[in-house]
Amino acid sequence: MKTALTLTSAALVLALALSVPALAEDSQSVTITMTGASHIGISLDVGHWPLGDVASNTDYYTDPPIEWCTLTVTGNSPVNTLIMGQDATWGDDPGAYKWTLSDDGSNGPHVYGLWFRISGDTTRGPNEDGYVPITNTLSEFWPYDGVGTSLQPSDTKKFGLLLRTPTEFVGGRTMETQITIVAVAP
C-alpha cells in the first residue's frame with residue numbers, strides 16, 4: 001500500500017493529506033492568514049510525510065515522533081486551534097474504496113486510527129504514548145481540555161502524528177486523506 005502524508009491548504013484551513021499536495025504545490029510549508037485590524041494566521045513547516053508501503057494492523061509514527069511539525073501563529077491575534085480528519089479514499093477512484101476514520105483512534109477491517117501528540121504535553125492522551133485521536137469532528141488541538149492557554153502571536157507548538165492502519169485492507173492502492181487544523185479567536 002503506497003501512502004504519503006502531505007500538507008495542503010484551502011480557504012482558512014491548513015490541511016495534511018495522505019496524497020500529493022493539491023494547493024501547496026512544490027512548497028513544503030503552508031501559511032494561511034486572515035487580514036483585518038487584527039488578523040488570525042497560522043503556518044505549518046512540514047509539507048510531506050512519506051510512508052511508502054504500509055502493512056495492516058501496524059502503527060506508523062512521524063519522525064521525530066512528537067516534534068515532526070511546527071505550528072506557528074503568524075497573525076497578530078491570539079488563537080485556539082481545532083483539528084479534524086476524514087475517511088481515506090483510494091486516489092485512483094475515490095468513490096470505489098475507502099478506509100473509515102475511527103471515532104476513537106482504534107482500527108479494524110477497513111477502519112484506521114489517526115492520532116496526534118503535542119511535544120511537551122504530558123497531561124493528555126488516552127493511549128499509553130499520550131496521543132489524542134483525530135476524528136471526523138472538529139475537536140480541540142491546542143489548548144486541550146483546559147491545559148494551556150490560547151496561542152499568542154509568534155508562539156509555536158511542535159507535534160507529531162500516529163497512523164494505525166486497518167487490520168484488513170485491499171492492498172496495492174494509494175490511499176488519500178486530509179487532516180484539517182483550524183485557527184479561531186479565543
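Residues numbered from 1 in each chain as written. Predicted model: local features only at pLDDT ≥ 70, side-chain atom pairs only at ≥ 80, totals over all residues. Heavy atoms only, no water.

Draft legend 1. How the structure looks around the overall build of the chain. Along the backbone of the chain there are zero helices and 16 strands. The proportion of buried residues among the 186 residues of the chain is 47%. Long-range pairs, those at least 24 residues apart, make up 69% of the contacts in the chain with a sequence separation of at least 6. Working note: accessible area of the chain is about 8,200 Å², and carbon and sulfur atoms make up 50% of it. (Helix = DSSP H or I, 4+ residues; strand = E, 2+ residues; numbered from the N terminus. Buried < 20%, exposed > 50% of the residue type's maximum accessible area, 1.4 Å probe, protein only. Contact = heavy atoms within 4.5 Å. Areas by Shrake-Rupley, 256 points an atom, 1.4 Å probe, with all protein chains shown as cover.)

Draft legend 2. Spotlight on the packing of aromatic side chains. Within this structure, the stated rule accounts for six aromatic pairs. Centre to centre, the rings of Y61 and Y131 are 5.5 Å apart; their planes meet at 65°, and the pair counts as edge-to-face. Residue Y61 is found in strand 6 (residues 59-61), and its partner Y131 is found in the loop between strand 11 (111-118) and strand 12 (132-133); the two are separated by 70 residues along the sequence. Residue classification places Y61 among the partly exposed positions, given a relative accessible area of 31%. Between W68 and F159, the aromatic rings sit 6.4 Å apart at their centres with planes inclined by 85°, giving edge-to-face as the arrangement. Of this pair, W68 sits in the loop between strand 6 and strand 7 (69-73) while F159 sits in strand 14 (residues 156-164), placing them 91 residues apart in sequence. The exposure class of F159 is buried, given its relative accessible area of 0%. Pairwise contacts between aromatic rings join W68, F116, F141 and F159 into one cluster. For the cation-ring pair, R173 lies above Y97, with the distance from its terminal atom to the ring centre recorded as 5.0 Å. (Phe/Tyr/Trp six-rings, centres within 6.5 Å; stacked < 30°, edge-to-face > 60°. Lys NZ or Arg CZ within 6 Å of the ring centre and 35° of its normal.)

Draft legend 3. Examining the pattern of salt bridges more closely. By the definition in use, this model includes two salt bridges. We note a salt bridge from R164 to D59, for which the minimum N-O separation is 2.7 Å. Taken together, the residues R164 in strand 14 and D59 in strand 6 connect sequence positions 105 residues apart. Classification of D59 by relative accessible area gives partly exposed; the value is 30%. Note that D87 and K98 form a salt bridge whose closest N and O atoms lie 3.2 Å from each other. Of this pair, D87 sits in the loop between strand 8 (80-84) and strand 9 (88-90) while K98 sits in strand 10 (residues 98-101), and the two are eleven residues apart along the sequence. (Salt bridge = Lys/Arg side-chain N within 4 Å of Asp/Glu carboxyl O.)

Draft legend 4. Just the nonpolar core, in detail. Within the largest apolar cluster, 37 residues are counted, with the highest numbers of intra-cluster contacts made by L71, W99, F116, F141, F159, L161 and I181. In terms of residue count, strand 11 provides more of this core than any other element does, four residues in total. (Core = buried A, V, L, I, M, F, W, Y, C linked by side-chain atoms within 4.5 Å.)

Draft legend 5. Fine view of unusual backbone geometry. Geometrically, the link from D63 to P64 is a cis peptide bond, its omega value of 0° lying close to zero. Summarising the element assignment, P64 is placed in the loop between strand 6 and strand 7. Following W142, the chain continues to P143 via a peptide bond in cis, the omega torsion being -10°. Tracing the backbone through its elements, the reader meets P143 in the loop between strand 13 (139-142) and strand 14. Positive phi, normally seen in glycine, also occurs at H110, with a value near 60°. Structurally, H110 is set in the loop between strand 10 and strand 11. Judged by its relative accessible area of 29%, H110 falls in the partly exposed class. The phi dihedral of S154 is positive, around 75°, even though this residue is not glycine. Judged by relative accessible area, S154 falls into the exposed class, the value being 58%.

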